[in-house]
Every structure is written in C-alpha cells, then in structure tokens.
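One letter stands for each residue in the lines below.
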Amino acid sequence: MKIYECGEENKESIILIHPSMVTWDYFEKVIPLLKNDYHLFIPVIPGYDLSNDSEFTSVEDIASKIAEGFLERGIDHVTAMYGCSMGGSIVLRMAQDQKLTADHYVLDGGITPYQLPYVLTRFIAVRDFLMLSLGKLGGEKMIMKAFSSTDYSQEDIQYIANIFRHCSYKTIWKTFDSCNNYEMPKHIMHFDGTIHYWYAEKERKARDWDIRYMRKYIPDTQFHMFTNMDHGDMAYYHPDLMADEIRKLK
C-alpha cells in the first residue's frame, strides 16, 4: 500500500484516509495548509490506487495493513487520524485495534457497522452495489444525472468517472459490504485517545444510525455538526475550515 508523505520535518503527525470513489488526491487542497505544521501521511487505499490493479479487501484488513506499515517505520503513535466516510470506518477499526495509537481519532461522516438483521444488511449491500455499478456502466452522463443537485464542475465529473472506470466491481462490492458490516465489539468501548465524530448538517438524517451507534458503544465521543455542508464536502469545498479544525486537536 502506498503512503504519500509531506512535512517530514515536523514533529506532530497526522494520517488522512480518503473516502470511497476517490483517491489520495481528495486531500490536495488541505495538504498545502497543513504540511508546514504537520508530518502528513496519506495512504492510497487498495482498489483506489490508479497506478495499479489492487483490490479493496476489507476494513479490518486495510486498518491492520496501515498500522503494520507504520510499525515497520518505527512509528507506533501519531497526533491524529482523520478519515472521511469509508476512511472513517478504517479509523474506527484502527482505534479499536490499538496497534497504532493516536491522541485523536476523527470520523468525518464515518460509516459504522449496521446493527440490523443479516438479511437487511444483504439487501442494503446489493442496493449500494447496484447504484455504484450503474455509475460505472453509465460513465459521465449517468454521473451527471446522479449528481445533478451537487455543484460539481465538468472537471470534477470527469475525475469521478475516471475513478469509476478504474474501480473493479469486486472493489465496489467489498467496499460497501465491509464498511456496513465490519467487526467491532458489541460492548461499550473506551480509548486512550479522543474520538471525534464530525458530520454535515445536510447529511444529518443519513448519519442518524451512525450517531446512535457512537453514542451507544463509544459514549465518550465528541460530536461536531458543520452547517451548510453535505457528506464529504469539507476537504474539497472547505479546506481552510478543515485545516483550522485539525489545528484545534490539542
């Protein structure tokens, strides 16, 4: 797994984990704002590395491999781990594994395991897979139709289409199936570091069961809602705000 780095001269370190259907350059607007203060690590999640044909495996496997990669470098603790959506799932699993620890774990619209009967989780996984597969089959026209309410430029649409073309059906299926159903303890959890759950005002309803999960199983979670934003908006549309919020993690 590739891990891009910058700001190597800085003492404090931050891991940034991207959501699904994008790659590491999702953080391209945030990196310049943080690299003078932090040593940044940006993993390229398997299945979303445009330079090879790797496949997404599972939240558990990828969380373990990221931690092992850092331990091989002699790093067992970082200042913060940030993950958006799928990336938030990976951060939560890393917090539970405690192989690589952090002062702060930030889940931005992070996906938590569904607390639903098995049959329903299968139905949801199939629904999500079919929706994304249509995007892969339909190309730019289908994506423009699906995202007609979002202020994406033609360049943005082309970027999304390239990611869709690259991702295999196996990666699409495993991403959504695993993010919805990865293994976590069924009891209250406490961590040495602080858990933060960030969510956007416009995604509040969609994140309802994630928020309820965090309140039930990780009651120490600190919640923060960001107004006039939607799922995954922060790094792309509000990089200055994201950088400011990360600097507040002391």
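Quick caveat: nothing in here was measured; it's all calculated off a predicted structure.

Scoring rules and cut-offs
- Residues numbered from 1 in each chain as written.
- Predicted model: local features only at pLDDT ≥ 70, side-chain atom pairs only at ≥ 80, totals over all residues.
- Heavy atoms only, no water.
- Buried < 20%, exposed > 50% of the residue type's maximum accessible area, 1.4 Å probe, protein only.
- Helix = DSSP H or I, 4+ residues; strand = E, 2+ residues; numbered from the N terminus.
- Arc of directions from axis to C-beta.
- Contact = heavy atoms within 4.5 Å.
- Pairing = 2+ DSSP bridges.
- Axes fitted to C-alpha atoms, helices over the stretch in contact; angles between N-to-C directions.
- Salt bridge = Lys/Arg side-chain N within 4 Å of Asp/Glu carboxyl O.

Asks: Even after reading the chapter, I still don't get helix H7 (residues 208-217), so can you show me in this structure?
Replies: Along an α-helix, residues three or four apart share an orientation, since each turn contains 3.6 residues. Taken together, the buried positions of H7 are occupied by Asp210, Ile211, Tyr213, Met214 and Tyr217. All buried residues of H7 project into a common sector of 155 degrees when viewed along the axis, lining one side. Next to the buried residues of H7 lie helix H3 (86-97), strand S5 (101-108), strand S6 (194-200) and strand S7 (222-226).

Asks: Please clarify how the sheet that holds S6 should be interpreted in this entry.
Replies: Read from one edge to the other, the open sheet built from seven strands follows the order S1-S3-S2-S4-S5-S6-S7, with strand pairing classed as mixed. A single partner strand is all that each edge strand has here, and the edge strands are strand S1 (3-6) and S7. Averaged over neighbouring strand pairs, the angle between their axes works out to 20 degrees when direction is ignored. As paired elements, strand S2 (residues 13-17) and strand S4 (residues 77-84) share four bridges and run parallel to each other. Directly across from Leu16, in S4, lies its bridge partner Tyr82.

Asks: Any chance you could explain the pattern of salt bridges here in plain terms?
Replies: A side chain with one charge can pair with a side chain of the opposite charge if their charged atoms come near. Applying the stated rule across the entire model yields 12 salt bridges. Here Arg247 makes a salt bridge to Asp37, at a shortest N to O gap of 3.7 Å. Within this pair, whereas Arg247 is found in helix H9 (residues 239-247), its partner Asp37 is found in the loop between helix H1 (31-34) and strand S3 (39-43), the two being separated by 210 residues in sequence. Asp37 sits in the partly exposed class, given a relative accessible area of 39%. We note a salt bridge from Asp244 to Arg247, for which the minimum N-O separation is 3.0 Å. Here Asp244 and its partner Arg247 are both found in helix H9, three residues apart, which amounts to about one turn of the helix. One network of salt bridges, in which partners are shared, links Asp37, Asp244 and Arg247.

These results come straight from atomic positions and should not be treated as a statement about function.
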